[in-house]
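Below are the chains, spelled out letter by letter.
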Amino acid sequence: MRKILYLPLLLSLCLLSCNKRSDAPSLAAERYYGYLIEGDVDNYMRGMADYDSLPEDYRSQLRDMFLQYLDHEQKLHGGITSAQAVRDTLIDSLRAHVFLNIQFGDSTLEQVSMPLVLTPEGWRMK
């Protein structure tokens, strides 16, 4: 009889834990865009799955490119003001696409897709 009582509790906990895992890619994507909003390009880049294997000269070029992107968006739209994940698609247990609404200072809204991969460190940008 006790086993029957524990079954609904066990199923509920399983569903809750599954929901938390499906939120993880969205939260990671929002965190990475948050770094861009703050102008913290270095932390944004550390969110890349292959960041540790990139040569330093290439990292420097990427850093410059992201800084130019932020400067361009500042001049064109008043900068990025927010990024909100609106949906994610789990491709399999190791890959996901997160769709984010990017809000700019001039009220322009753009939707972008961010591919992510699950690494031992967590969800990272592909």
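Structure report, in brief. (Residues numbered from 1 in each chain as written. Predicted model: local features only at pLDDT ≥ 70, side-chain atom pairs only at ≥ 80, totals over all residues. Heavy atoms only, no water.)

**Examining helix H3 (residues 56-77)**
No. 1: Between its first and last C-alpha atoms H3 spans 31 Å; for 22 residues at 1.5 Å apiece the expected length is 32 Å, and the two agree.
No. 2: Along H3, the residues classified as buried are Arg 59, Leu 62, Phe 66, Leu 70, Glu 73 and His 77. Buried residues of H3 fall within an arc of 75° about the axis and therefore sit on the same side. Structural note: H3 exposes Asp 57, Gln 61, Gln 68 and Lys 75 on the side pointing more than 90 degrees away from its buried face.
No. 3: At the exit of H3 stands Gly 78, carrying a positive phi of roughly 80°. (Helix = DSSP H or I, 4+ residues; strand = E, 2+ residues; numbered from the N terminus. Expected span 1.5 Å × (residues − 1). Buried < 20%, exposed > 50% of the residue type's maximum accessible area, 1.4 Å probe, protein only. Arc of directions from axis to C-beta.)

**A look at the pattern of salt bridges**
No. 1: The full count for this structure, using the stated rule, is 6 salt bridges.
No. 2: Two residues, Asp 42 and Arg 63, come together in a salt bridge whose shortest N-O distance is 2.6 Å. With Asp 42 in helix H2 (residues 41-46) and Arg 63 in helix H3, this pair connects stretches of sequence that are 21 residues apart.
No. 3: We note a salt bridge from Asp 92 to Arg 95, for which the minimum N-O separation is 2.9 Å.
No. 4: Of the residues examined, Asp 92 reaches a relative accessible area of 34% and is grouped as partly exposed.
No. 5: Overlapping salt bridges bring together Asp 42, Glu 56, Arg 59 and Arg 63 as one network. (Salt bridge = Lys/Arg side-chain N within 4 Å of Asp/Glu carboxyl O.)

**Here's the deal with unusual backbone geometry**
No. 1: Backbone geometry places Ser 107, a non-glycine residue, at a positive phi of 75°.
No. 2: Looking at the secondary structure, you find Ser 107 in the loop between strand S2 (95-104) and strand S3 (109-119).
No. 3: Judged by relative accessible area, which is 58%, Ser 107 ranks as exposed.

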